[in-house]
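Residue-level listing of the chains:
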Amino acid sequence: MKNVRLRFKKEKECKYISHLDLVRCINRAVKKSKLPIWYTEGFNPHPLLSFPLPLSLGMEGERECLDIKLEDMAQEAEIISKLNENLPQGIRITQANIPVKKAKDIAFALYELKITSEDKKINAKQISENLQTLLKMEEIIVEKKTKSGLKNINISPDIQMYVVGEKDNYVKLTVVLSAGSEKNINPNLLLKAFEDYFGIKIYAKIKRIELFDKTLNIFE
Amino acid sequence: MCYKVDMNKFDKILMSVQKPGRYIGGELNSIDKSNKAIDVHFALCFPDVYEIAMSHLGLKILYGMLNEQENIWCERVFAPWPDMQEKMEENDISLYSLESKTQVKDFDIIGFTLQYELSYTNVLNMLKLAGVELLAKKRKGLKNLVIAGGPCTCNPEPLADFIDVFFLGEAENSLLEFVELYNKSKSKKESKEEFLLKAAKIQGIYVPNFYDIEYNDDGTVKNIKVNKDVPEKVQKSIVKDLDNSYFHQSFPVPMIEVVHDRVEGEIFRGCTRACRFCQAGFIYRPVREKSPAVVDKQCKILCENTGQDSLSICSLSSSDYSSLEQLIDLFDEWTEKEKISVSLPSLRINNISDRLLNKIKSFSRTGLTFAPEAGSQRLRDVINKNVSEEEIFSTCKKAFASGWNNLKLYFMLGLPTETNDDIKSITKLAGKIIDIYYDDKKTIKRRAPKVTISTAAFIPKPFTPFQWEAQDNIEKLKEKQQLLKESNRCRKVKCNYHDAYTSFIEAVFARGDRKLSKVLLKACDKGLKFDGWREYFDFDKWLEVFKECEIEPEFYACRKRSFHEVLPWDHLDYGISKEFLINECKKAYAENTSENCKQKCLNCGASCFEGGICYEKRKA
């Protein structure tokens, strides 16, 4: 038995399917690929897939992570090509390696946001200025849905680093946020905070670029 | 995505609606011919939402068949859910195809499948959303030719003003021939009428514009006359040899959850039983079976190409398939190994062998569903169901002994000659079935059984012996539902009933004529759509529409016709003779049953197609 960590892109049309839909696509591709997948024992045998950090519907992912168990050895190139042959174009496996760290070691994620405003009177410069103001604040309070209901939390300590870039008609925010099983901050919370503080409705295309452990080394 | 609209806008819209996955395409196995030279661009439209459309077998067959032709590109178009439609209208986005996101109004041929009458408003709504002219006579030239097929074409008259061509019967042969002819006419720059006159010569093609309807003062049809050199009666098209007819090997695999995410293996068409309420059994005659080896091979290839892990056989009455046990043996050889679950729906309650029951049990443990349709033997004989109480009990007993606790039974309310006693017999029957469970010493120790009774209102349909009957009006139906509910004394029996209001509207259009086209137009104007969905069906608005059009819906649904009346579908030939239907109707009222095709030929007329069971039997 061999544990394999796959990295994949979720983009184009596939950014609009949910995590469960993604699981279904991967399960089918795994089956069609005829790779030596390890199946669970019992009444309903299925492959053992594990997704350490699901991606929200609407977000693209550049290096998403999926752990799978194989029965036998298989070459990385073969795994990648056989799976990609059987996946929709919007899901692309890019790597298949032995896992280095454990799934629970994920602590941060790097996101890239392209932010525009619904309000035509607000330009990129203003968004950029407001954003810089917000990100510098010691306390950024926003309402988050938790298991015990809606809670007001401060997300400022969860912002590890950021770069705000003003473009012609949008603002590019590159930000590292807490991520993982212990604490996970969805970038949409940041957008919500912006809207709450400035009363300006904004819209962003979000892409998750990379995952990191707690020492900010790339999660492999 | 190459849609010619502001991509940022589109992205925002998709993020603001339910299940954006419905509108994006990009599925594995979807066909992209955008880099190829194609002659005919065909929009295959299913007038319902993605989850329903992607579960439909007919769509899969036609998509594969058309796309196999190098010069034809067939793309899928489904009805956007109302929330998406609203956003599309707000943002000037017209209806587009899933594969290339091309606007429907840029397609050559726009083809709809008419699966059920309540989807008619969706057909019009989709055309409106596409920016395509609704009235056929106002669409000039060959571009945007609107065609339709499916079971409802046996009486498509309410849609006659909107559709250029109807395909009667099965489209595997007629459609390809039609599209090839279209291509020739297009390159020769022929007029629409020149093309349609040629097309009308193809078996199964019905061009409504070539037929004029005259009405009597009382609103019934006086006569149906041709106004061009075309057949007075249009005969449906059938595929004689199912083994060698086209069947798809692949189909786009849905990424989101759909109603039936599985491979469907068609085993036969038509039905031998001649249940008197059943339209499908008659309009798909003569019965033609596919060989088990062919079904098995087709299913295997599909499972390999789609990676779906669920397989189902498809027919009107699967336990009547002469090679069912053989087919199951063939499936056994690979489905378990490939981890594919098999389901066997549409089983008759009176011919399930022990072996079959065991097989079903080994495949899956979902509930068992049967359709006795009527509670009393008298009424079952009237409708020619040919199922005795003994047989019902015997099968239920076997099912319980095999491990099932839950059974679902389908019945109808409002069948011809029905009395209150017949209705009370339904719950009496269910109660006796519960008793059977407890009579068996083995089952009594298990968890409590549950019998669910599901009733629907009887809807008289064309091409059945009951096509002259009146549907009970809504008050009467509600009274009967109430009577059923009150007659249920057993806590382990649950009674569900299908909404009477939707059944009434369905009945209006099922036997409707062309006078209903203005009703559909107004319904579309008023925004009526998704009538088959509880959350969108608006009965009050429908009544408003009928009133404003000065049409009495009861004229179509609740009126008993005489055998002499000219029916709006009399110019359409499905091989079933009127004399046969009249005779069956009389037998029904005399409470006499009729044999099935395998036992005795009743001369229904389907032998005119010289194929299937009647021809084989005649030869014997």
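Every value quoted in this text rests on a predicted model; they were computed, and no experiment measured them.

### Notes on the overall build of chain A
A count of helical and extended segments in chain A gives four helices and ten strands. Reading the helices (α) and strands (β) of chain A from amino to carboxyl end gives β-α-β-β-α-β-β-α-β-β-β-β-α-β. Referenced to the eigenvectors of the C-alpha coordinate spread, the extents of chain A come out at roughly 55 × 35 × 30 Å. Out of the 220 residues belonging to chain A, those deemed buried represent 50%. Carbon and sulfur atoms make up 50% of the accessible area of chain A, which amounts to about 11,200 Å² in all. Looking at charge distribution, chain A has the averaged site of its 37 positive side-chain charges lying 3 Å from that of its 30 negative ones.

### Points about the pairing of strand β16 (residues 406-413) of chain B
Residue and element names in this part refer to chain B. The pairing of strand β15 (residues 368-373) with β16 spans four bridges and is classified as parallel. Bridging from a neighbouring strand, F370 pairs with L409 of β16. Where β16 meets strand β17 (residues 450-457), eight bridges bridge the pair, whose relative direction is parallel. Across the sheet, F411 pairs through a bridge with T455, a residue of β17.

### As for the nonpolar core
Membership of the largest hydrophobic core comes to 214 residues, with the highest contact counts inside it found for F42(B), L175(B), F178(B), I433(B) and W542(B). Top element by residues in this core is helix α14 (residues 420-439) of chain B. It accounts for eight residues. With residues near it in sequence (within four places) discarded, L175(B) still touches F42(B), L62(B), M65(B), L66(B), I147(B) and F167(B). Of all hydrophobic cores here, the second largest spans 38 residues; its members include L55(A), A109(A), A124(A) and L135(A).

### Details of the interface of chain A and chain B
Tallying the contact residues gives 25 residues for chain A and 29 residues for chain B. Where chain A abuts chain B, roughly 2,200 Å² becomes buried across the two surfaces, and 60% of that area is made up of carbon and sulfur atoms. The three residues of chain A that bury the most area against chain B are E13(A), Y16(A) and R28(A), which together make up 32% of that side's buried surface. Our count for the contact surface shared by chain A and chain B stands at four salt bridges. Measuring nitrogen to oxygen at the nearest pair gives 2.9 Å for the salt bridge that ties D11(B) to K15(A). Counting across the chain A and chain B interface gives nine residue pairs in polar contact (both at pLDDT 80 or more). Among the elements of the structure, α1 (19-33) and β10 (202-212) of chain A are those that each provide at least two residues to the side of chain A that touches chain B. By residue number, the principal contributor to the side of chain A that touches chain B is α1(A), which donates six residues. In terms of residue class, the side of chain A that touches chain B is made up of ten nonpolar, four polar and eleven charged.

### Points about unusual backbone geometry
The omega torsion of the bond from R285(B) to P286(B) falls at 0°, within 30 degrees of zero and hence cis. Positive phi, normally seen in glycine, also occurs at K12(A), with a value near 50°. Along the polypeptide, K12(A) turns up in the loop between β1 (2-10) and α1. In this model, K34(A) sits at a positive phi of 60°, which is unusual for a non-glycine residue. Relative to the assigned elements, K34(A) resides in the loop between α1 and β2 (49-50).

### A short note on helix α3 (residues 57-68) of chain B
Residues separated by three or four positions in an α-helix point in the same direction, a consequence of the helix having 3.6 residues per turn. Residues and elements named next belong to chain B. Spanning twelve residues, α3 covers 17 Å between terminal C-alpha atoms, matching the ideal 16 Å at 1.5 Å per step. Most of α3 sits inside the fold, with ten of its twelve residues counted as buried. Here α3 has its buried residues at L57, L59, K60, I61, L62, Y63, G64, M65, L66 and N67.

Definitions and cut-offs
- Residues numbered from 1 in each chain as written.
- Chains lettered and ligands numbered in written order.
- Predicted model: local features only at pLDDT ≥ 70, side-chain atom pairs only at ≥ 80, totals over all residues.
- Heavy atoms only, no water.
- Helix = DSSP H or I, 4+ residues; strand = E, 2+ residues; numbered from the N terminus.
- Buried < 20%, exposed > 50% of the residue type's maximum accessible area, 1.4 Å probe, protein only.
- Areas by Shrake-Rupley, 256 points an atom, 1.4 Å probe, with all protein chains shown as cover.
- Lys, Arg positive; Asp, Glu negative; His and termini not counted.
- Charge placed at Lys NZ, Arg CZ, Asp CG, Glu CD.
- Pairing = 2+ DSSP bridges.
- Core = buried A, V, L, I, M, F, W, Y, C linked by side-chain atoms within 4.5 Å.
- Contact = heavy atoms within 4.5 Å.
- Buried area = accessible area lost by both parts, 1.4 Å probe.
- Salt bridge = Lys/Arg side-chain N within 4 Å of Asp/Glu carboxyl O.
- Polar contact = N/O pair within 3.5 Å; in protein donor to acceptor, adjacent residues only side chain to side chain.
- Nonpolar A, V, L, I, M, F, W, Y, C, P; charged D, E, K, R; others polar.
- Expected span 1.5 Å × (residues − 1).

Purely spatial values, then, with no claim about function.
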